[in-house]
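Examination of the molecular architecture
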Amino acid sequence: MNIPSSPSASLTAAAAAAAGHQQYPGGTLYVVATPIGNLADLSLRAIHVLGLVDAVACEDTRVSAQLLRWLGLHKPLLALHQHNEQQAAEGLVARLLAGERIAYVSDAGTPAISDPGAVLVAAAARAGVRVVPLPGASSAAAALSVAGDARAQGFRFVGFLPTKAAERRTALQALTGASYSQVLFEAPHRIQELIALLAEVAPTQTLTVCREVTKQFETIHTAPCATLPAWMAEDKQRERGEFVLVLHAAPVVPGDDDLPEAAQRTLRVLVRDLPLKQAAALAAELTGESRKALYQLALDWKQDAEGDDDEGADETP
């Protein structure tokens, strides 16, 4: 993240005015979301709390030092990252139990999702320490918000897939066909491989590719997986930066059980007096359901009825 020159004192004053009315007790861990690339995404509440705390625990002290300098703040920085999280958490919990206010920030975004922080939060909770979230920037939430996956029944955060080819393929195959959105992260040097694999194992599913979210060269593109290798190859710039991908819910092929009861009732009334195709078309217009699915259902009904008639004829002495 590029840190510009420090803002005026009016920014911290605005933060205090907006967030200062709330209580920020001691002996509390504040989990603070930081920008994922655009400093303007830092919330006023986050600025206020970073100014109040006794210390800031962080994934990388160098990155967090830049952010605090930009805010004109000088706080003790305590390193807590994936290699020391368990040990560092114990020391931080001791300080929290002694009544200190401590903030935890990752390098970018919301802690404890893909970045460190979960071990610290769990340790604080076990010790009876209050944990307060300060929501803000999240690349996963940002990608979901622009994916437009209206079919999805919820979402799942996947994060990074395994790097070994066989494990990667197996993991990706397990994601296909789901009824919910799935959020993946990928590094620039592996994005081509992942796009090609998605085109192979899930060609008809839709993928939203988010590159450099919130930054100057942000790119967002939604298309079927089968088309994405060619799209990526059109411009080498599309391979650069940090990637968040949203694999959309798989298309559903409607069957009898998938059509709402109201649509089925409408179709039953229409097929009494109209040819099947005309009844299905009119039912689709009235209900908004798939004409193809309605026609197939009507056809199934007809075939079942003819089958029943044939069975009855066979039983006649």
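Read on for an overview of the structure. Keep in mind that this is a model prediction, so the values were computed, not measured. (Residues numbered from 1 in each chain as written. Predicted model: local features only at pLDDT ≥ 70, side-chain atom pairs only at ≥ 80, totals over all residues. Heavy atoms only, no water.)

A look at the packing of helix α1 (residues 9-19) against helix α2 (residues 44-52)
Interhelical geometry of α1 versus α2 gives an angle of 100° and a closest axis separation of 8 Å. The angle between α1 and α2 falls in the class roughly perpendicular. Facing α1, whose interface residues are L11, T12, A14, A15, A16, A18 and A19, α2 presents L44, R45, I47 and H48. In terms of residue class, the contact of α1 with α2 is made up of 8 nonpolar, 2 polar and 1 charged. (Axes fitted to C-alpha atoms, helices over the stretch in contact; angles between N-to-C directions. Helix = DSSP H or I, 4+ residues; strand = E, 2+ residues; numbered from the N terminus. Parallel < 35°, antiparallel > 145°, perpendicular 65-115°, else oblique. Contact = heavy atoms within 4.5 Å. Nonpolar A, V, L, I, M, F, W, Y, C, P; charged D, E, K, R; others polar.)

What about the environment of L67?
By the secondary structure assignment, L67 is in helix α3 (residues 61-71). Each C-alpha atom, one on L67 and one on I3, is 7.2 Å from the other, the two residues being 64 residues apart in sequence. The contacts of L67, once residues within four sequence positions are left out, are T34, L39 and L42.

Focus: the pattern of salt bridges
Scanning the model with the defined rule gives 9 salt bridges in all. A salt bridge links E186 to R168; its shortest N-O distance comes to 2.4 Å. Here E186, found in strand β7 (residues 181-186), pairs with R168, found in helix α7 (residues 165-175); they are 18 residues apart in sequence, far enough to count as distant. Each member of the pair, E186 together with R168, is buried. One salt bridge connects R190 with E186, and the closest N-O pair in it is separated by 3.3 Å. Each member of the pair, R190 together with E186, is buried. (Salt bridge = Lys/Arg side-chain N within 4 Å of Asp/Glu carboxyl O. Buried < 20%, exposed > 50% of the residue type's maximum accessible area, 1.4 Å probe, protein only.)

Looking at the sheet that holds strand β3 (residues 77-79)
Strand order in the open sheet formed by 5 strands is β3-β2-β4-β1-β5, with parallel pairing between adjacent strands. The two strands at the open ends of the sheet, each matched to only one other strand, are β3 and β5 (130-134). Sheet twist, expressed as the average angle between the axes of neighbouring strands with direction ignored, equals 25°. The strands that α3 touches are β2 (55-58), β3 and β4 (101-105); relative to β3, the one it contacts most, it runs at about 155°. Contacting β1 (28-32), β4 and β5, helix α5 (residues 118-126) runs over the sheet at an angle of about 155° to β1. (Pairing = 2+ DSSP bridges.)

Points about unusual backbone geometry
One non-glycine residue with positive phi stands out, namely E212, at about 55°. Here E212 shows up in the loop between β8 (206-211) and β9 (219-224). Positioned with a positive phi, T214 is a non-glycine residue whose angle comes to about 75°. Looking at where T214 falls in the secondary structure, it is placed in the loop between β8 and β9.

Observations regarding the nonpolar core
Counting 23 residues, the largest nonpolar core has Y30 and L50 as the members making the most contacts within it. For this core, the secondary structure elements donating two or more residues are α1, β1, α2, β2, α3, β4 and β5. With 20 residues, the next largest nonpolar core counts L207, A223, L228 and L247 among its residues. (Core = buried A, V, L, I, M, F, W, Y, C linked by side-chain atoms within 4.5 Å.)

Digging into helix α10 (residues 261-271)
Owing to its 3.6 residues per turn, the α-helix aligns residues three or four sequence positions apart on the same side. Three or more residues of α10 are buried, namely A263, Q264, L267 and L270. In an axial view of α10, the angular spread of the buried residues amounts to 125°, which keeps them on one side of the axis. (Arc of directions from axis to C-beta.)

Topic: the sheet that holds β7
Ordered in space as β6-β7-β10-β8-β9, the 5 strands form an open sheet in which the pairing is mixed. On the outer flanks of this sheet lie β6 (155-160) and β9, each paired with one strand and no other. On average, each strand axis in the sheet is inclined to that of its neighbour by 15°, with strand direction left out of account. One ladder, built from 5 bridges, connects β6 with β7; its direction is parallel. Considered in β7, the bridge of F155 is made with S181. Lying over the sheet, helix α6 (residues 139-147) contacts β6, β7, β8, β9 and β10 (243-247), oriented at roughly 50° with respect to β10.

Let's talk about the packing of α10 against helix α11 (residues 276-287)
At a minimum axis distance of 9 Å, the contact between α10 and α11 shows a crossing angle of 145°. Along this stretch, α10 crosses α11, giving a crossing that reads as right-handed. Residue-level inspection shows A263, T266, L267, L270 and V271 of α10 in contact with α11, the latter providing L276, A279, A280, L282, A283, L286 and T287. Across the contact of α10 with α11, the residue classes tally to 10 nonpolar, 2 polar and no charged. (Left-handed = near helix turned anticlockwise from the far one by under 90°.)

Side note on α7
Buried residues of α7: R168, L172 and L175, and no others. With its buried residues spanning 50° around the axis, α7 presents them on a single face. Relative to its buried face, α7 has exposed residues pointing more than 90 degrees away, namely A166, T170 and A174. Where α7 is buried, its residues meet β6, β7, α8 (191-201) and β10. Where α7 ends, the next residue or the one after it, G177, has phi of about 85°, a positive value.

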